[in-house]
There are 2 protein chains.
Amino acid sequence: MMRLMAQRLTAAAFAPYGQVIEVSDAVRHFSINQGQTERYHDLAQVDTETADGRAGISIFRAKPQVHPVILSVLEHHPLGSQAFMPLSGQPYLIVVAPAGDPPTQPDQLAVFLASSQQGVNYAKGVWHHPLLALRTVCDFLVVDRMGSGHNCHEINIATWQVQIDLIEFV
Amino acid sequence: MMRLMAQRLTAAAFAPYGQVIEVSDAVRHFSINQGQTERYHDLAQVDTETADGRAGISIFRAKPQVHPVILSVLEHHPLGSQAFMPLSGQPYLIVVAPAGDPPTQPDQLAVFLASSQQGVNYAKGVWHHPLLALRTVCDFLVVDRMGSGHNCHEINIATWQVQIDLIEFV
């Protein structure tokens, strides 16, 4: 069994894979509605128009992982971006590898612990593990591509026997 | 002062104005990711392509209303839909009027109390009050149109002196 360390999710560290969706002084924001609301503007590159696709909104309800977390599958969406925003007030795990050819070994993976206030938008083609909720059943708002075409490729990585180390955070 | 009663938000009651974004057995849903996740699929009609627009993701941070809630403004977006999903675990108020010419009197308004688990997608052109958070500062994930063109019209309704009655819910 190989162990990978999770790192805290930041916009800079996640930049090779997409965008972090969060309230931050570092992003463009401005007051609207007579000062009643602050708009943190255009936080993700929604990229869903390939092959006549369009953006759609769904909710994913994810079962929690059993500890320790063992990776099983990576998937990617060659035709569009996919954004996840947590709705259940719980942190969750993110495992990614760069867009392009599928990764072939664990050292090509990056592992992040997202807070309950942080969403992510995977850029088109970025490899990612399916949702890794922790502790309890968690809902996520998802913005991804609706349209025809084969937009999900998977590879099985269970044989890699990778376990995520969260010891820093517990 | 005129009082309008809020009603609980349901997909059926909200249908003239857009979609409710929520987990429900009544919407299409199916299992993905080896049974680990249930996908409640394509819950809103994201309509952002008019005049070369595109869908974008933002976060709105809204100040809470002071009680009693008095309506001040209605706005509409003639070029695109606008979806709001609550992120802070709090209910909120929705005030709408049909798309088209601006409403001219209070009886054209519908008032809903949304739960913390319910988002809404305003169809293109639907008149709506800006965010009416209750109790505390609340964040909302917003999916709306990015692009050029004048996409926000407002009318001032403060002189209507409309107060929202939440007595049924407190």
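First, a word on scope: everything that follows refers to the structure included in this document. (Residues numbered from 1 in each chain as written. Chains lettered and ligands numbered in written order. Predicted model: local features only at pLDDT ≥ 70, side-chain atom pairs only at ≥ 80, totals over all residues. Heavy atoms only, no water.)

### A look at unusual backbone geometry
Stage number 1. With omega at -5 degrees, the peptide bond leading from A:H67 into A:P68 counts as cis.
Stage number 2. With respect to the helices, strands and loops of the structure, A:P68 is situated in the loop between β6 (54–62) and β7 (73–76).
Stage number 3. One non-glycine residue, A:R135, adopts positive backbone phi at about 70 degrees.
Stage number 4. Mapped onto the fold, A:R135 is located in the loop between β13 (132–133) and β14 (138–146).
Stage number 5. Judged by its relative accessible area of 66%, A:R135 falls in the exposed class.
Stage number 6. Phi is positive for B:A51, which is not a glycine, with a value near 55 degrees.
Stage number 7. If you trace the backbone, B:A51 turns up in the loop between β5 (37–44) and β6 (54–62). (Helix = DSSP H or I, 4+ residues; strand = E, 2+ residues; numbered from the N terminus. Buried < 20%, exposed > 50% of the residue type's maximum accessible area, 1.4 Å probe, protein only.)

### Concerning the packing of aromatic side chains
Stage number 1. One pass over the structure, following the stated rule, counts 14 aromatic pairs over all chains.
Stage number 2. Measuring from ring centre to ring centre gives 6.3 Å for B:Y17 and B:F112, while their planes differ by 65 degrees; the resulting arrangement is edge-to-face. Of this pair, B:Y17 sits in the loop between α1 (11–14) and β3 (18–21) while B:F112 sits in strand β10 (residues 110–114); the two residues are 95 residues apart in sequence, bridging distant segments of the chain. For the pair B:Y17 and B:F112, a shared accessibility class is recorded, and that class is buried.
Stage number 3. Ring-pair connections join several aromatic residues into one group, and the members of that group are A:F14, A:Y17, A:F60, A:F84, A:F112 and A:Y122. (Phe/Tyr/Trp six-rings, centres within 6.5 Å; stacked < 30°, edge-to-face > 60°.)

### Here we look at the pairing of β10(B)
Residue and element names in this part refer to chain B.
Stage number 1. Most of β10 sits out of view: 5 of its 5 residues are buried.
Stage number 2. Burial of the side chains of β10 extends over both faces: A110, F112 and A114 are buried on one face and V111 and L113 on the other.
Stage number 3. Bridge count for strand β2 (residues 7–8) against β10 is 2 bridges, and the pairing is parallel. Note that in β10 the partner of R8 across the bridge is L113. (Pairing = 2+ DSSP bridges.)

### Quick word on the sheet that holds β3(B)
Stage number 1. Spatially, the 7 strands line up as an open sheet ordered β4(A)-β5(A)-β6(B)-β14(B)-β8(B)-β11(B)-β3(B), and their pairing is antiparallel. Looking at which strands have only one partner, the edges of the open sheet turn out to be β4 (29–32) of chain A together with β3 of chain B. Averaged over all neighbouring strand pairs, the angle between strand axes comes to 25 degrees, with direction disregarded.
Stage number 2. Alignment of β6(B) against strand β14 (residues 138–146) of chain B, held across 9 bridges, turns out to be antiparallel. (Axes fitted to C-alpha atoms, helices over the stretch in contact; angles between N-to-C directions.)

### Considering the side chain of A:Q65
Stage number 1. By secondary structure assignment, the location of A:Q65 is in the loop between β6 and β7.
Stage number 2. By relative accessible area, A:Q65 is classed as buried at 17%.

### Let's talk about the side chain of A:N121
All names here are of chain A.
Stage number 1. Relative to the helices and strands, N121 is located in strand β11 (residues 119–122).
Stage number 2. A distance of 3.0 Å separates a polar atom in the side chain of N121 from the backbone oxygen of Q45.
Stage number 3. Only 3.4 Å separates the side chain of N121 from the backbone nitrogen of A83, close enough to count as a polar contact.
Stage number 4. With residues up to four places along the chain from it excluded, the contact list for N121 reads F14, Y17, G18, Q19, I21, A44, Q45, V46, S81, Q82 and A83. (Polar contact = N/O pair within 3.5 Å; in protein donor to acceptor, adjacent residues only side chain to side chain. Contact = heavy atoms within 4.5 Å.)

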